[in-house]
Amino acid sequence: GHGSRLHDAMVGGLRNAGCTRLWLTTGATTRARGFYRRRGWRELAVRDDGEVEMVRDPGVALPGEG
């Protein structure tokens, strides 16, 4: 839905701007964690405060871009 379209527009815009690596954190027990995984984000670590650090290469095709 809307979240996927917003995410894909953000990643595409950052890719077009020349970003080579994206980074974010999300809660370990949130639905967002799965949302990002399904969109190509990779987990780096779980911090002491429980936040999950994730990275993504914006050059990797988004789901549906095949």
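Residues numbered from 1 in each chain as written. Predicted model: local features only at pLDDT ≥ 70, side-chain atom pairs only at ≥ 80, totals over all residues. Heavy atoms only, no water.

Time to look at the packing of aromatic side chains. Tallied over the full model, the rule gives two aromatic pairs. Ring centres 5.6 Å apart and planes at 70 degrees place the aromatic pair Tyr36 and Trp41 in the edge-to-face group. With a relative accessible area of 21%, Tyr36 lands in the partly exposed category. Trp41 gets classed as buried once you look at its relative accessible area, which sits at 6%. (Phe/Tyr/Trp six-rings, centres within 6.5 Å; stacked < 30°, edge-to-face > 60°. Buried < 20%, exposed > 50% of the residue type's maximum accessible area, 1.4 Å probe, protein only.)

One open sheet accounts for three strands, arranged S1-S3-S2; its pairing is antiparallel. Each end of this open sheet is capped by a strand with a single partner; those strands are strand S1 (22–27) and strand S2 (42–46). In this sheet, neighbouring strand axes are inclined to one another by 30 degrees on average, regardless of whether the strands run parallel or antiparallel. (Pairing = 2+ DSSP bridges. Helix = DSSP H or I, 4+ residues; strand = E, 2+ residues; numbered from the N terminus. Axes fitted to C-alpha atoms, helices over the stretch in contact; angles between N-to-C directions.)

Here we come to the side chain of His7. Summarising the element assignment, His7 is placed in helix H1 (residues 2–16). Side-chain polar atoms of His7 contact the side chain of Asp8, separated by 3.0 Å. (Polar contact = N/O pair within 3.5 Å; in protein donor to acceptor, adjacent residues only side chain to side chain.)

Remember, this is a structural readout, not a statement about activity or role.
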